[in-house]
Amino acid sequence: MDLQDSCVIRFARQEDLEAVVALCGEHAAYEKASWSREGKLEGLGAALFADPAKATCLVAEVGKDIVGYATYTKEFSTWWACDFVYLDCLYIREEYRGAAIGRRMMEIVRHEAIALGCSVVKWHTPVWNSRAAKFYEGLGATGEEKLRFLWQLR
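Quick notes on the rules
Residues numbered from 1 in each chain as written. Predicted model: local features only at pLDDT ≥ 70, side-chain atom pairs only at ≥ 80, totals over all residues. Heavy atoms only, no water. Axes fitted to C-alpha atoms, helices over the stretch in contact; angles between N-to-C directions. Helix = DSSP H or I, 4+ residues; strand = E, 2+ residues; numbered from the N terminus. Left-handed = near helix turned anticlockwise from the far one by under 90°. Contact = heavy atoms within 4.5 Å. Nonpolar A, V, L, I, M, F, W, Y, C, P; charged D, E, K, R; others polar. Buried < 20%, exposed > 50% of the residue type's maximum accessible area, 1.4 Å probe, protein only. Pairing = 2+ DSSP bridges. Phe/Tyr/Trp six-rings, centres within 6.5 Å; stacked < 30°, edge-to-face > 60°. Lys NZ or Arg CZ within 6 Å of the ring centre and 35° of its normal. Salt bridge = Lys/Arg side-chain N within 4 Å of Asp/Glu carboxyl O. Expected span 1.5 Å × (residues − 1). Arc of directions from axis to C-beta.

S.K.: Requested: an account of the packing of helix H2 (residues 17-30) against helix H3 (residues 40-49), with residues and values cited.
M.R.: Contact pair H2 / H3: the axes reach a minimum separation of 10 Å and the direction vectors enclose 115°. Every pair of crossing elements has a handedness; the one defined by H2 and H3 is right-handed. Contact with H2, carried on its side by Leu17, Glu18, Val20 and Val21, involves Lys40, Leu41, Leu44, Gly45, Leu48 and Phe49 of H3 and no other residues of that element. A per-class count over the contact of H2 with H3 returns seven nonpolar, one polar and two charged.

S.K.: I'd like to hear about the pairing of strand E2 (residues 56-62), residue by residue, with values.
M.R.: Here is the key point about a regular strand: its side chains alternate between the two faces of the sheet. Of all the seven residues making up E2, six are buried; the element is thus mostly covered by neighbouring parts of the structure. As defined by bridge partners, strand E1 (residues 7-11) adjoins E2 across five bridges and the pair is classed as antiparallel. Counterpart to Cys7 in the pairing with E2 is Val62. Direction of pairing for E2 relative to strand E3 (residues 65-77): antiparallel, over a ladder of seven bridges. Across the sheet, residue Cys57 finds its bridge partner in E3, namely Thr71. Hairpin connection, E2 to E3: the antiparallel pair is bridged by two residues, and Gly63 has positive phi, about 65°.

S.K.: Talk me through the packing of aromatic side chains; I want residue IDs and the actual numbers.
M.R.: Any two aromatic rings considered together are summarised by their centre-to-centre distance and by the angle between their planes. Across all of its chains, the model carries four aromatic pairs by this definition. When the ring of Tyr30 is compared with that of Trp128, the centres are 5.8 Å apart and the planes differ by 55°; the resulting orientation is tilted. A residue pair is termed long-range when its members are at least 10 positions apart, and Tyr30 in helix H2 and Trp128 in the loop between strand E5 (121-122) and helix H5 (130-138) qualify at 98 residues. Of the residues examined, Tyr30 reaches a relative accessible area of 28% and is grouped as partly exposed. Residue class for Trp128 comes out partly exposed when judged on its relative accessible area of 41%. Among the aromatic residues, ring-to-ring pairing joins Tyr30, Tyr91 and Trp128 into one connected group. Taking NZ or CZ as reference, Arg97 lies 4.7 Å from the ring centre of Tyr30, over its face. Its end group placed over the ring of Phe84, Lys122 keeps NZ or CZ at 5.0 Å from the ring centre.

S.K.: Could you give an account of the pattern of salt bridges, with specific residues and numbers?
M.R.: Under the defined criterion, the tally for this structure stands at nine salt bridges. Put simply, Glu18 and Arg37 hold a salt bridge, and the shortest N to O gap is 2.5 Å. With Glu18 in helix H2 and Arg37 in the loop between H2 and H3, this pair connects stretches of sequence that are 19 residues apart. On the basis of relative accessibility, which here comes to 45%, the residue Glu18 falls in the partly exposed class. Three or more residues are tied together by salt bridges with common partners; here these are Arg10, Asp16 and Glu61.

S.K.: How would you explain helix H4 (residues 101-115) if you had to name every residue and give the values?
M.R.: With 15 residues, H4 extends 21 Å between its outermost C-alpha atoms, agreeing within 8% with the 21 Å of an ideal straight helix rising 1.5 Å per residue. Along H4, the residues that are buried comprise Ile101, Gly102, Met105, Met106, Val109 and Ala113. Projected down its long axis, H4 shows its buried positions confined to an angular sector of 130°, all on one face. Structural note: H4 exposes Ile114 and Ala115 on the side pointing more than 90 degrees away from its buried face. Of the residues flanking the end of H4, it is Gly117, one or two places downstream, whose phi is positive at about 80°.

Keep in mind that these numbers describe shape and distance, not what the molecule does.
Below, the structure written as structure tokens:
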């Protein structure tokens, strides 16, 4: 059985939180971003499993291992004048890339966006991540030139 057939993509469950937080750490390291595990288990759990949930998380599971995740939220765009899905994170462990797992996760996000009544899905990737840019362009997505800013409040 090949990897593509053995990978299950599903919505995250409470018992997946440890694995998702570990993947968040790997994702931050990959993007050369500062990151601390402190408070992540509690914060992510509260966001994903609140009623209503603040965010949705998909996981990619191979055997008993969570090897990737995608998180997204429903937002509103003033410029587009419509609701949209914002894909906050998509991360697949290096050894599982190239097996269409990311493509399958993105298709699920697309279908979820349509089910939520959204006409746009937005996300970003670091400028230096040409592999991700090529992947997203291969899905038919187009890039926008913008600088991203933030205020770190805590």
